[in-house]
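Each chain is listed here by its residues.
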Amino acid sequence: MKKWMICLMVLVLLGFGVTKFKASMARTPQDLASPLQIDEPYNVPDSHSAVEGLTVDVTKEMVYQGDLLLVNKDHPVPKGLHPESEAVSLIRNAELIDGFGVLDNKVLLSPRMADRFATMVQAAGEEGIDHFLISSGYRDEQKQDELYRQMGSRLALPAGYSEHNLGLSLDIGSSQAEMNVAPEGQWLKENAWKYGFILRYPDDKTAITGIQFEPWHFRYVGLPHSAIIHENGLVLEQYMDYLKEHKSVSLTVQGHNYHVFYYPVSEDQTLQVPAHGKYEISGNNMDGIIVTVRE
Ligand SMILES: [Zn+2]
């Protein structure tokens, strides 16, 4: 065989190997020391057909409920939600504080978010990163209004338009240094997605979010959404567009196969979802719902 042909074959094989490697990296992030425990918000399907997949009844109200609600200057926290009913003072519920500090007794959070956060900082602690400090969690509208007046529209949002009013966001600091230089900030930037959290206001997305870089503000969206957002370098606004455009996305994260579907919803209806497994539903706070199926 001619030398150039052998060279060509080697190049083709190498190219194939690299493409395969990239595909497997993109679809199955496996760099976790231990698989994440996802506790079970998932519904067990009642009807199940091998051909059609899941049958799911949805209502229009579901557009305004769930962990994926987009809240920003154009989309306020839906009126029917009452996150304040779940928020508790962490300092007054010390059993929820596990491996992190809390700024003061005004820091409110739902036990569910405190638990998610504790799981994440435990993993960081195993890598020697252990000076996390929560400075803000859930805020009521009055508190948000005060902040908005003090800080202005580049750093805060009006009452009802902040993710802090939704109860799914946390301002996380380090007791050692500012978050943009602290090891805690770097660790979260690289690893928070594995635990369902995203850096909500990155420095290269200010034109989309309308909020300046906030290395301390993390939002819970849950897996596999945080993985898709991180992997594709998106912010939540873009992820909502991405789902509408793709309609369905399948991926494997930490050994679980997920299928994510977007459906526009303007009335109560029954959906046939072409996948099998446990599922959960979240609205997008605009015009549709996202069904997440875990096989
Ligand atoms: Zn914040």
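Since this is a predicted model, take the numbers as computed values, not measurements. (Residues numbered from 1 in each chain as written. Predicted model: local features only at pLDDT ≥ 70, side-chain atom pairs only at ≥ 80, totals over all residues. Heavy atoms only, no water.)

A.B. asks: Account for the overall build of the protein, naming residues and giving values.
C.D. replies: Regarding its fold elements, the protein presents seven helices and 14 strands. The buried share among the 295 residues of the protein stands at 45%. In the protein, 67% of the contacts between residues at least 6 apart in sequence involve partners at least 24 apart. Taken as a whole, the protein presents about 15100 Å² of accessible surface, with 54% of it coming from carbon and sulfur. (Helix = DSSP H or I, 4+ residues; strand = E, 2+ residues; numbered from the N terminus. Buried < 20%, exposed > 50% of the residue type's maximum accessible area, 1.4 Å probe, protein only. Contact = heavy atoms within 4.5 Å. Areas by Shrake-Rupley, 256 points an atom, 1.4 Å probe, with all protein chains shown as cover.)

A.B. asks: Got a sec to walk through the pairing of strand E11 (residues 256-264)? Specific residues and values, please.
C.D. replies: Relative to E11, strand E10 (residues 248-253) runs antiparallel, the two being bridged by six bridges. Directly across from Leu-251, in E11, lies its bridge partner Tyr-258. Bridging between E11 and strand E14 (residues 288-294) involves seven bridges; their strand directions are antiparallel. Bridge assignment links Tyr-258 to a residue of E14, and that residue is Arg-294. (Pairing = 2+ DSSP bridges.)

A.B. asks: Describe the nonpolar core, listing the residues and the values that go with them.
C.D. replies: One finds Leu-90, Phe-100, Phe-117, Phe-132, Trp-187 and Leu-188 to be the most contacted residues of the largest nonpolar core, which totals 34 residues. Listed by contribution, the elements that provide at least two residues to this core are helix H2 (111-126), strand E6 (132-136), strand E7 (169-174), helix H4 (183-191), strand E8 (197-199) and strand E9 (217-220). Ranked by residues supplied to this core, first place goes to H2 with eight residues. Beyond its immediate chain neighbours, meaning those up to four positions away, Leu-188 contacts Met-120, Phe-132, Ile-172, Met-179 and Phe-218. Residues Tyr-42, Leu-70, Ala-227 and Leu-243 belong to the second largest nonpolar core, which totals 23 residues. (Core = buried A, V, L, I, M, F, W, Y, C linked by side-chain atoms within 4.5 Å.)

A.B. asks: Outline the side chain of Gln-254, supporting the account with residue identities and numerical values.
C.D. replies: As for its placement among the helices and strands, Gln-254 is situated in the loop between E10 and E11. Judged by relative accessible area, Gln-254 falls into the buried class, the value being 13%.

A.B. asks: Could you give an account of the packing of aromatic side chains, with specific residues and numbers?
C.D. replies: Following the criterion strictly, the structure yields six aromatic pairs and no others. Where Phe-197 meets Tyr-220, the ring centres are 5.2 Å apart and the plane angle is 70°; that geometry is what we call edge-to-face. Of the two residues, Phe-197 is situated in strand E8 and Tyr-220 in strand E9; the sequence distance between them amounts to 23 residues. The burial state of Phe-197 is the same as that of Tyr-220; both residues are buried. When the ring of Phe-261 is compared with that of Tyr-263, the centres are 6.3 Å apart and the planes differ by 25°; the resulting orientation is stacked. (Phe/Tyr/Trp six-rings, centres within 6.5 Å; stacked < 30°, edge-to-face > 60°.)

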